[in-house]
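Topology and contacts: notes
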Amino acid sequence: MYPLRRHRRLRQSQAIRHLVRETILTPSDFLVPLFVVEGKGVQEAIPSMPGYFRYSLDLLEKEVKTLWSMGLCGVLVFVKVPDHLKDNAGTEALNPKGLMQRAVQTIKAACPEMLVMTDVALDPYSSYGHDGIVEGTEILNDETVEVLAEMALSHAQAGADFVAPSDMMDGRILSIREALEEADYTHTGIMSYSAKYASAFYGPFRDALDSAPGFGDKKTYQMDSANRFEALEEAQADIDEGADIIMVKPGICYLDIVRELKNEIDVPIAVYQVSGEYAMIKAAAEKGWLDHDAVMMEQLLAIKRAGANIIASYFAKEAVALMG
Ligand code: PBG
């Protein structure tokens with residue numbers, strides 16, 4: 001006798017497939033990373049990220065309005081800092097009139113309801129390209145955390161809804177939370193890059209911001225790709241210190257971590273599909289080796305299926321355009 005259960009019954013038409021679909025991507029799943037530069041009328045291509053650009057503030061305003069009109073309601077802001085403003089103390093990061101602070105104000109003025117999250121880390125401001133203050137070959141933890149707390153407060157004062165520390169120093173979530181509370185920014189949220197791995201997939205991003213480390217690598221602060229339990233430790237510590245959202249980064253190679261965290265903890269989880277993941281799909285598609293749109297959607301869906309509540313992705317706009 002044939003089996004009573006024939007799984008193909010639920011696959012035989014698009015209508016039934018859609019009816020029983022377990023995971024559905026929507027525009028509100030996404031955070032859009034934005035790269036900002038000084039100048040006017042600037043839309044700079046990033047060679048290792050085809051189709052992605054750095055915008056000056058005037059064009060950023062336009063871009064944000066476009067995103068909002070597409071149903072994309074959150075952005076994650078990064079700035080490219082001119083070399084002469086970089087040092088080993090993060091001085092420019094604290095400038096109330098700095099590019100990040102102005103970018104936040106510009107976005108909020110153009111689109112008040114857009115959720116604005118800011119990157120908190122020293123690497124774009126560092127003459128060494130490291131996420132912290134450097135002494136010899138060491139990246140100092142506690143000294144860096146002090147600057148990060150001030151930096152986060154400065155972003156909140158500029159109007160950021162959430163700050164997103166991506167540096168992986170220990171104890172920074174608590175210090176940032178305390179700084180925000182003391183200054184009465186009780187409503188400003190923290191999205192912590194909790195399980196951020198020392199990954200080779202960040203290369204194109206470092207091109208975009210000109211922020212590659214000048215010496216060594218980031219393995220003394222970012223996590224070892226081999227580790228799983230450590231991700232749970234990091235996430236729990238960040239939640240205990242006051243993180244509202246935790247993040248896993250990169251995406252596709254770390255979906256086991258996403259699922260594990262999803263099963264263990266209750267705060268929303270963000271996943272960052274990083275620059276190298278974007279570049280790989282673009283490159284393979286350019287060669288005609290992969291179907292760009294199909295692979296893009298499959299990966300985004302996999303990220304959500306693994307347990308992501310929020311997906312930061314350079315594909316956000318293209319994916320939403322395909323959703324129709
Ligand atoms: C640095 C930072 C990095 C990314 C986000 N924030 C790079 C790094 O750690 O060197 C990578 C994002 C991407 O590759 O898309 N604070």
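Quick note: structure is the one above.
First things first, this report covers the structure right here in the doc. (Residues numbered from 1 in each chain as written. Predicted model: local features only at pLDDT ≥ 70, side-chain atom pairs only at ≥ 80, totals over all residues. Heavy atoms only, no water.)

Before going further, it helps to spend a moment on the overall build of the chain. In terms of regular secondary structure, the chain is built from 11 helices and 12 strands. What you see for the chain is a C-alpha radius of gyration of 20 Å, in line with the 20 Å of a compact globule of 324 residues. C-alpha atoms of the chain, sized along the principal axes, occupy 75 × 45 × 40 Å. Per-residue burial over the chain gives 53% buried out of 324 residues. Accessible area for the chain stands at about 14900 Å²; split by element, carbon and sulfur atoms hold 51% of it. Distance between charge centroids for the chain: 13 Å, based on 31 positive and 48 negative side chains. (Helix = DSSP H or I, 4+ residues; strand = E, 2+ residues; numbered from the N terminus. Rg over C-alpha atoms; globule rule 2.2 N^0.38 Å. Buried < 20%, exposed > 50% of the residue type's maximum accessible area, 1.4 Å probe, protein only. Areas by Shrake-Rupley, 256 points an atom, 1.4 Å probe, with all protein chains shown as cover. Lys, Arg positive; Asp, Glu negative; His and termini not counted. Charge placed at Lys NZ, Arg CZ, Asp CG, Glu CD.)

Our focus in this paragraph is the environment of isoleucine 269. Relative to the helices and strands, isoleucine 269 resides in strand β11 (residues 269–273). With 42 residues separating them in the primary sequence, isoleucine 269 and isoleucine 311 have C-alpha atoms 8.8 Å apart. Setting aside residues no more than four positions away along its own chain, isoleucine 269 makes contact with Ile246, Val258, Leu261, Lys262, Gly307, Ala308, Asn309 and Ile310. (Contact = heavy atoms within 4.5 Å.)

As a further point, take the pattern of salt bridges. The full count for this structure, using the stated rule, is 15 salt bridges. Salt-bridge contacts for glutamate 61 lead to lysine 65; the nearest nitrogen and oxygen are separated by 3.9 Å. Taken together, the residues glutamate 61 and lysine 65, both in helix α2 (residues 57–69) and 4 residues apart, mark about one turn of the helix. Here glutamate 61 falls in the partly exposed class, since its relative accessible area comes to 32%. In this structure, the salt-bridge partner of lysine 86 is aspartate 83, at a minimum N-O distance of 3.6 Å. Given a relative accessible area of 55%, aspartate 83 falls into the exposed group. Each of the salt bridges in this network shares a partner with another, and the network as a whole consists of Asp83, Lys86 and Asp210. (Salt bridge = Lys/Arg side-chain N within 4 Å of Asp/Glu carboxyl O.)

Turning our eyes to something else, we now look at the environment of lysine 218. Here lysine 218 shows up in the loop between α6 (203–209) and α7 (229–241). Here the alpha-carbon distance between lysine 218 and arginine 206, two residues 12 residues apart in the chain, equals 12 Å. Filtering out sequence-adjacent residues up to four positions away, lysine 218 remains in contact with Asp123, Gly129, His130, Asp131, Ala198, Arg206 and Pro213.

What follows covers the nonpolar core. Residues Phe35, Met191 and Tyr272 are the most contacted members of the largest nonpolar core, which totals 107 residues. Considering every element that reaches this core, the biggest residue donor is helix α4 (residues 141–158), with 9 residues. (Core = buried A, V, L, I, M, F, W, Y, C linked by side-chain atoms within 4.5 Å.)

Attention now moves to the pairing of strand β9 (residues 189–196). Put simply, side chains in a regular strand alternate between the two faces of the sheet. With 8 of its 8 residues buried, β9 lies for the most part within the structure. Examined bridge by bridge, strand β8 (residues 162–165) and β9 share 2 bridges and lie parallel to one another. Across the sheet, residue valine 163 finds its bridge partner in β9, namely isoleucine 190. The handedness of the β8 to β9 crossover, carried by helix α5 (residues 172–182), is right-handed. Taken together, the 5 bridges between β9 and strand β10 (residues 245–249) define a ladder with parallel strand orientation. (Pairing = 2+ DSSP bridges. Right-handed = clockwise from strand over helix to strand, strands pointing away.)

Right, let's talk about a positive patch on the surface for a bit. On the surface, a cluster of positive charge is contributed by Arg5, Arg6, Arg8, Arg9 and Arg11. Within the fold, arginine 5 resides in the segment before α1 (14–19). By relative accessible area, arginine 5 is classed as exposed at 62%. (Patch = residues over 30% accessible without salt bridge, like charges linked within 9 Å, V, L, I, M, F, W, Y side chains within 5 Å.)

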